[in-house]
Amino acid sequence: MYMTRRKPALYLREDSRSSLFLGFLPRKCSIFNLFLTCLILGFLSMLWLQLSCSGGDVNKGGTQDEASSQKSCPQIPRTVNEDPSWGPHRLALLVPFRERFEELMSFVPHMHQYLIQKKILHHIFIINQVDHYRFNRASLINVGFLESGNETDYIAMHDVDLLPLNLDLDYGFPEQGPFHVASPELHPLYHYKTYVGGILLLTKQHYEMCNGMSNRFWGWGREDDEFYRRIKGAGLKLFRPTGISTGYKTFHHIHDPAWRKRDQKRIATQKQEQFKVDREGGLHSVKYRVESRSEVTISGAPCTVLNVLLECDLGNTPWCVFN
């Protein structure tokens, strides 16, 4: 009993003699305390750097000598290397999207660098469907068009898994009519004459003339075939690339069908309507809500991500959900 009473006393005396390390840190401190201390020191050093440097403006208080004696603040590198002299037009790259993040990580940096090389002013919009309905590519493009703002005057309906490789492809303003970049002669998979999917450029005026795309196509496919009929119905002429010698190697198709299956399910009523022209719905009948809008950068390439909740009229298109 005597010894058990003296051990704590001895421990306290030893602890009182060596409780501080470097004047302020406990010698027997936990990893959490050490991490917290480092975090505080890092914050204080950043605050000191901010207060002790200037932004290089000598006309906002103080004399020239006072400003020159201060340290210059480090400059944040620019990620957008555009030049207004490239032209009066700006492209809105509309990318309908859901869950294919590995493809997005490749797509955004590739397209940003590709369009910079071609001197195309552009803004990349990722329209991300976050509701629980089946994927609706056409409705997402309608949403992207409505949300792209007035700073852009033409659009590219662009698949996330199709990367252009040939710099001779034209991404310029399609003044004469819709321009199908991923033409049947060049697309690695789809070669029928009426195909207008993959990558299609239109002025915003021409897209309005078509009343956008039909909102009735839930699941994968057929919406671009219906849009081909809309183009013809609006009296517009379709243009395609000429003089491209790279053939089916013009694009890199990064979709892996074994890894990500396409939603190709068709119920009976959907099969009956998939080849019809939707003469009522379109651009201004799409129902949606933007849950959030974020400006992000992927490997130095900027883009806007719109998280979108689509709405579905189950009485009109019951195939928007799986039975």
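Residues numbered from 1 in each chain as written. Predicted model: local features only at pLDDT ≥ 70, side-chain atom pairs only at ≥ 80, totals over all residues. Heavy atoms only, no water.

A. Structural context of the nonpolar core. Formed by 32 residues in total, the largest nonpolar core has its most connected members in Leu91, Val108, Ile126 and Tyr171. In terms of residues, this core owes the most to one element, helix 4 (residues 101-117), which gives six residues. Residues contacting Tyr171, with those up to four places away along its chain left out, are Leu91, Met111, Tyr114, Leu115, Lys118, Ile120, Tyr154, His158, Pro164, Val181, Ile199 and Leu201. Residues Leu94, Phe145, Phe227 and Cys312 belong to the second largest nonpolar core, which totals 31 residues. (Core = buried A, V, L, I, M, F, W, Y, C linked by side-chain atoms within 4.5 Å. Buried < 20%, exposed > 50% of the residue type's maximum accessible area, 1.4 Å probe, protein only. Helix = DSSP H or I, 4+ residues; strand = E, 2+ residues; numbered from the N terminus. Contact = heavy atoms within 4.5 Å.)

B. Representation of the packing of aromatic side chains within the structure. This structure, assessed with the given rule, holds eight aromatic pairs. Aromatic pair Tyr190 and Tyr195: ring centres 5.3 Å apart, planes at 45°, arrangement tilted. A relative accessible area of 3% means that Tyr195 is categorised as buried. What links up through ring pairs into an aromatic cluster is the set Phe145, Tyr207 and Phe227. The ring of Phe145 has Lys204 sitting right over it, with the charged end atom 5.6 Å from the ring centre. (Phe/Tyr/Trp six-rings, centres within 6.5 Å; stacked < 30°, edge-to-face > 60°. Lys NZ or Arg CZ within 6 Å of the ring centre and 35° of its normal.)

C. A look at unusual backbone geometry. Residue Lys119 is not a glycine yet carries a positive backbone phi of 60°. Inspection of the secondary structure puts Lys119 in the loop between helix 4 and strand 6 (122-129). Residue Lys119 is classed as exposed on the basis of its relative accessible area of 52%. At Asn211, a residue that is not glycine, the phi angle is positive and equals roughly 55°. Tracing the chain through its elements places Asn211 in the loop between helix 6 (204-209) and helix 7 (223-233).

D. Up close: the sheet that holds strand 9 (residues 179-180). Judged by pairing direction, the sheet is mixed, and its seven strands sit side by side in the order 9-10-7-5-6-13-12 without closing on themselves. The strands lining the two open edges of the sheet, one partner per strand, are strand 9 and strand 12 (288-298). When strand 5 (residues 91-97) meets strand 7 (residues 154-158), the two strands line up parallel, connected through four bridges. Counted as the bridge partner of Leu91 is Tyr154 from strand 7. Against the sheet, helix 4 touches strand 5, strand 6, strand 7, strand 12 and strand 13 (301-310), its axis set at about 165° to strand 6. Running over the sheet, helix 5 (residues 137-147) touches strand 5, strand 6, strand 7, strand 12 and strand 13 and is turned about 145° from strand 5. (Pairing = 2+ DSSP bridges. Axes fitted to C-alpha atoms, helices over the stretch in contact; angles between N-to-C directions.)

E. A look at the environment of Leu162. Among the structural elements, Leu162 can be located in strand 8 (residues 162-164). The class of Leu162 is buried, set by a relative accessible area of 1%. For Leu162 and Ile254, which are 92 residues apart along the polypeptide, the C-alpha to C-alpha distance reads 6.5 Å. Ignoring sequence-local partners within four residues, the contact set of Leu162 consists of Phe107, Ala182, His187, Pro188, Gly198, Ile199, Phe251, His252 and His253.

F. Region of interest: the pairing of strand 6. Counted residue by residue, strand 6 has seven buried out of eight residues, so it is predominantly covered. Where strand 5 lies against strand 6, seven bridges are found, and the strand directions are parallel. Bridge pairing links Leu93 to Ile124 in strand 6. Following the backbone out of strand 5, through helix 4 and into the adjacent parallel strand 6, one traces a crossover that is right-handed. Here strand 6 runs beside strand 13; their pairing, made up of five bridges, is parallel. Looking at strand 13, one finds that Phe125 is bridged to Thr304. (Right-handed = clockwise from strand over helix to strand, strands pointing away.)

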